[in-house]
Amino acid sequence: MRRRTVLAAAGALALGAAGLTTAGEAAGATASSRVVHNLNPDWRFIKQDVANAHTTSFDDSAWATVSVPHTFNDVDSFDNYITSSGESAVAMQPVWYRKRFTLPAGQAGQKVLLEFEGVRQAATVYVNGTQVGLYEYGVTPFGFDITAQVRFGAENVIAIKADNTKWRPEQATGTAFQWDTRDFNPTYGGLTRNVRMYVLPKTYFTLPLYTNLRTVGTYVYPSAVNVSGATATVNVEAQVRNELTTARTVTVSANVIQADGQVRATIPGSPVTLAAGQTQIVKLSQRISQLRFWQPGRPYLYTVEVVLSEGDTVIDAYPIVTGFRKTEFRGGATSGGVYINDNPVFLTGYAVRATNEWAAIGAAVPEWMTHLDGEMIRDSNANLIRWMHVAATPANIRMTDRYGIVSVQPAGDKESDVTGRQWDQRVELMRDVLVYFRNSPSILFWEAGNNWITAEHMRQMTDLRKTWDPNGGRAMGCRAISDDAAYGGTAAVDAAEYVGTMLNRHYSVYARDRKPIIECEYTRDEAPRRVWDNYSPPDFGYVTGPDVTYHLTSEDFAGPHAAATRYEFWGQRIQGPGDRRYSGAAALIWADSNQHGRQYNWECARLSGRVDAVRIPKESLHTYRVMQSPTPDIHVIGHWTYPAGTVKTVYVMASAHVRRVRLLVNGTPVGDDTSATQDFLYSFSGVAWQSGTITAVGYDAAGQEVVRASKTTAGAATALKLTPRTAPGGLRADGSDIAFFDVEAVDAQGRRMPTHQARVDFTLTGPATFLGGFNPGKPGSVHKPYLDTEAGVNRVFVRAARTPGTITLRATAAGLTAATASVTSSAFTVSDGLTTQMPATY
């Protein structure tokens, strides 16, 4: 059991979430003829390539019915290698999806666009038997104009051939995409992200989807920001297209809407005449006072709604969620660094694979669960995510916007520079990423490469930023560039706007004196959540794989290792005591991941996470929370339920505000430490275990107690306990929403027994599919009706069916009282294949 009391006052977080009631569409203030349909529910699916599946008359009645987000290889991910290279051998093949819908006859003559938030790796899209386009980049959102193919007042069929075949080359050139690789970009196939359809007037605001549609949407940014005066000029550059056969005189204006839904200001515009077929960017700006700015800890969001009018008639209205902030990126050994709203900010957090997948679910994660990641990351006092190799999904960036987490956003690469068509592909992908994500306040850095690139290529990427995001307050850079000629050279450093390092490699004073430096990826070691230490059953004799890099227990990983690796960069921070002057650092990784599954029947996932693959915290999460804390905090590492006669070293992690820690067992002092290792870690050797409570008390430099934390001995497990969780609005019967259940082994007083590790069997009744959970040390553990507790707890998932109703889960285990828990899914109405109700966020 764990108890923590913080005696120093802490400031409350202010979260603005204007428009975040839906995924991908903000809430505006103005009615228009724009209609946005959620196409996620009710697709027909088959896991094979089928001839003529694109035709309208094709009989798909025998196919499965699924809802998006969906993947077909969540069942075979998070497993051991089958080969000696690449990831777990998940299914990689063409598959088909088909969806029927009917547009109202009264909407005839409107513009119709499809938007996909992404697919891995390619999608060939047909509407009513006609191919409308091909997407092959496998990373970014993309869209198609289907106006000429759809019928109004009659049934339509969308057919999609999704293909995640291993190393599928570009169709037109035969050139492989560099980032289409399993080891850094898991091949979760299918429609793993949201799908929307827009029905628009023929004069309309475009979408930020450059590939295929060749449109750039609306760009919103602040200028002349006066932080102390709470004032800024809000600028809007709205791309408008007139597809009528005659000219049209229109006016573009904008509403700046607060998080409470009130219109803070309206930016007026002047009439503009658009010729038939013309596309034009219309610019607006206005000085606005009493603004709240976005920053880590206070991530206030606005909705900027652009409105297109003809006289007094509103034609189109398009809301964009964004935030306003002032940024500066300074070089220099003393006053350099990253400044947000005039204050230097040390960026601290995690390097995260862009898929950010969950065991048993894969990449088909409901958005509210992505926001749960954001909540946990924020609560760990992190303010940085460096997304790795390929661009983070729109859902993940919406999460970082909302929870005040700075993002480093790449486009796509692997770990080397390339030339020819492969480099052109990277440039095109970066362009698409810039256009789509440039309104996101959380993105401060664009990453041109996961490893060094030439000075010429770095200049090309920086010029791309200046073309598509010239005013967004963001910097273009690259990991591993340094003044060493083997890693780009001084010309590459000069071309970059920030410099990234990895494990302190490629560091250079030349770069330090000119550009902010971000450590992109430190600490590569691993530890299973279930293995507490060398004194805890049942894993006294835990044996790692053949690579001794991955030999740590949870205690090692969260204690000595965490303190030493973080201090390397914390101790060298801007305004800190060192001379290297890091502006930030990202620890690898956030959650245990399907990348780099382990060979030789050791572990079935990469175990570098602060949380495990189903987001149950490791001890590492608590220690990172403490090390990253801006206020006094403390954590006793491990548990306090040991076999009789145990004598061990007890580790305590305390924040930098603590200068002395006293350790007590059942109220009696057993140690006093005033010499923290690497600023954070306090060690107490030879502590004899006694049943009861162990307490760590932290004192400040004046000797005053500022924080304490305790853990208590649990008794033998007597029962199971089930705790369900759904999205805040409840579980939706939309065919893709998820509920999860935590299963705990508890003692007679209801306390979790931290060394319990045994099989639990599950029985599900009601309209849902049981997905199971995950044991990383057991191949093939996902999607099974049983799993083991680990450190007394685990988590299992169920997916709602399309029929609403009560879903009941029963858990049983030998020698323990069974547990039962229920959730009820609510109806999700779809009419003629369409709904305007969007997926749930947090």
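Our structure is the block above this text.
Let me sum up the structure you'll find in this document. Given the structure is predicted, the values throughout are model-derived calculations rather than measurements.

Turning next to the sheet that holds strand S38 (residues 681-688). As summarised here, the arrangement of the three strands in space is S34-S35-S38, forming an open sheet in which the pairing is antiparallel. Edge positions in the open sheet fall to strand S34 (634-636) and S38, since each of these has one partner strand only. Each neighbouring strand pair of the sheet contributes to a mean axis angle of 20°, computed without reference to strand direction. Sheet topology places strand S35 (residues 647-654) next to S38; six bridges connect them, and they run antiparallel. Each residue of the ladder has a partner; that of Val-652, found in S38, is Tyr-682. Its contacts with the sheet place helix H9 (residues 619-627) against S34 and S35, and it is angled at close to 155° to S34.

So, about the pairing of strand S29 (residues 443-447). Each regular strand carries side chains that alternate between the two faces of the sheet. Of all the five residues making up S29, five are buried; the element is thus mostly covered by neighbouring parts of the structure. As judged from the four bridges shared by strand S28 (residues 406-410) and S29, these two strands associate in the parallel manner. Paired with Pro-410 across the bridge in S29 is Glu-447. One crossover worth recording links S28 to the parallel S29 by way of helix H3 (residues 420-437), and it is right-handed. In terms of strand pairing, S29 meets strand S30 (residues 475-479) through three bridges, oriented parallel. Residue pairing across strands places Phe-445 opposite Ala-475, the latter belonging to S30. Of the crossover connections in this fold, the one passing from S29 over helix H4 (residues 455-468) to the parallel S30 is right-handed.

Turning our eyes to something else, we now look at helix H2 (residues 394-403). With 10 of 10 residues buried, H2 lies mostly within the body of the structure. Within H2, the full set of buried residues consists of Pro-394, Ala-395, Asn-396, Ile-397, Arg-398, Met-399, Thr-400, Asp-401, Arg-402 and Tyr-403. Two residues or fewer past H2, Gly-404 is found with a positive phi of approximately 70°.

Our focus in this paragraph is the pairing of strand S39 (residues 693-699). Of all seven residues in S39, six are buried; the element is thus mostly enclosed. With six bridges joining them, strand S36 (residues 660-665) and S39 adopt antiparallel strand pairing. Counted as the bridge partner of Leu-664 is Thr-695 from S39. Relative to strand S40 (residues 705-712), S39 runs antiparallel, the two sharing seven bridges. Note on S40: the bridge partner recorded for Thr-693 is Thr-712.

Attention shifts here to unusual backbone geometry. Residue Pro-537 is joined to Pro-538 through a cis peptide bond whose omega torsion reads 0°. For the bond from Leu-588 to Ile-589, the omega torsion is 20°, close enough to zero to count as cis. Residue position: Ile-589 is located in the loop between strand S33 (584-588) and H9. At Asn-381, a position not held by glycine, the phi torsion is positive, near 65°. Mapping Asn-381 onto the fold places it in the loop between helix H1 (367-379) and strand S27 (384-388). Judged by relative accessible area, Asn-381 falls into the partly exposed class, the value being 25%. A positive phi angle, near 55°, is found at Ala-791, a position not held by glycine. As for its placement among the helices and strands, Ala-791 is situated in the loop between strand S46 (786-788) and strand S47 (793-800).

In this fold, Ile-160 is placed in strand S10 (residues 155-163). With a relative accessible area of 0%, Ile-160 lands in the buried category. Sequence separation between Ile-160 and His-54 is 106 residues; the distance between their C-alpha atoms is 7.3 Å. Not counting residues up to four positions away in its chain, the partners in contact with Ile-160 are Trp-43, Val-95, Trp-96, Tyr-97, Phe-116, Ala-123, Thr-124, Val-125 and Leu-191.

Looking at where Gln-239 falls in the secondary structure, it is placed in strand S14 (residues 231-242). Residue Gln-239 is classed as buried on the basis of its relative accessible area, which comes to 9%. Polar side-chain contacts of Gln-239 include one of 2.8 Å to the backbone nitrogen of Val-216. Ignoring sequence-local partners within four residues, the contact set of Gln-239 consists of Tyr-204, Phe-205, Thr-206, Thr-215, Val-216, Gly-217, Thr-218, Thr-279, Gln-280 and Ile-281.

Turning to the sheet that holds strand S3 (residues 43-46), a few remarks are in order. On the basis of which strands lie adjacent, the open sheet formed by six strands has the order S4-S3-S5-S10-S7-S8 and antiparallel pairing. For this open sheet the edge positions go to strand S4 (64-66) and strand S8 (130-135), each flanked by a neighbour on one side alone. Each strand axis lies, on average, 25° off the axis of its neighbour in the sheet, ignoring direction. Two strands pair when backbone bridges link them, and S3 and strand S5 (residues 94-102) are joined in this way by three bridges, in the antiparallel orientation. Residue pairing across strands places Arg-44 opposite Arg-98, the latter belonging to S5.

Cut-offs and rules
Residues numbered from 1 in each chain as written. Predicted model: local features only at pLDDT ≥ 70, side-chain atom pairs only at ≥ 80, totals over all residues. Heavy atoms only, no water. Pairing = 2+ DSSP bridges. Helix = DSSP H or I, 4+ residues; strand = E, 2+ residues; numbered from the N terminus. Axes fitted to C-alpha atoms, helices over the stretch in contact; angles between N-to-C directions. Contact = heavy atoms within 4.5 Å. Buried < 20%, exposed > 50% of the residue type's maximum accessible area, 1.4 Å probe, protein only. Right-handed = clockwise from strand over helix to strand, strands pointing away. Polar contact = N/O pair within 3.5 Å; in protein donor to acceptor, adjacent residues only side chain to side chain.

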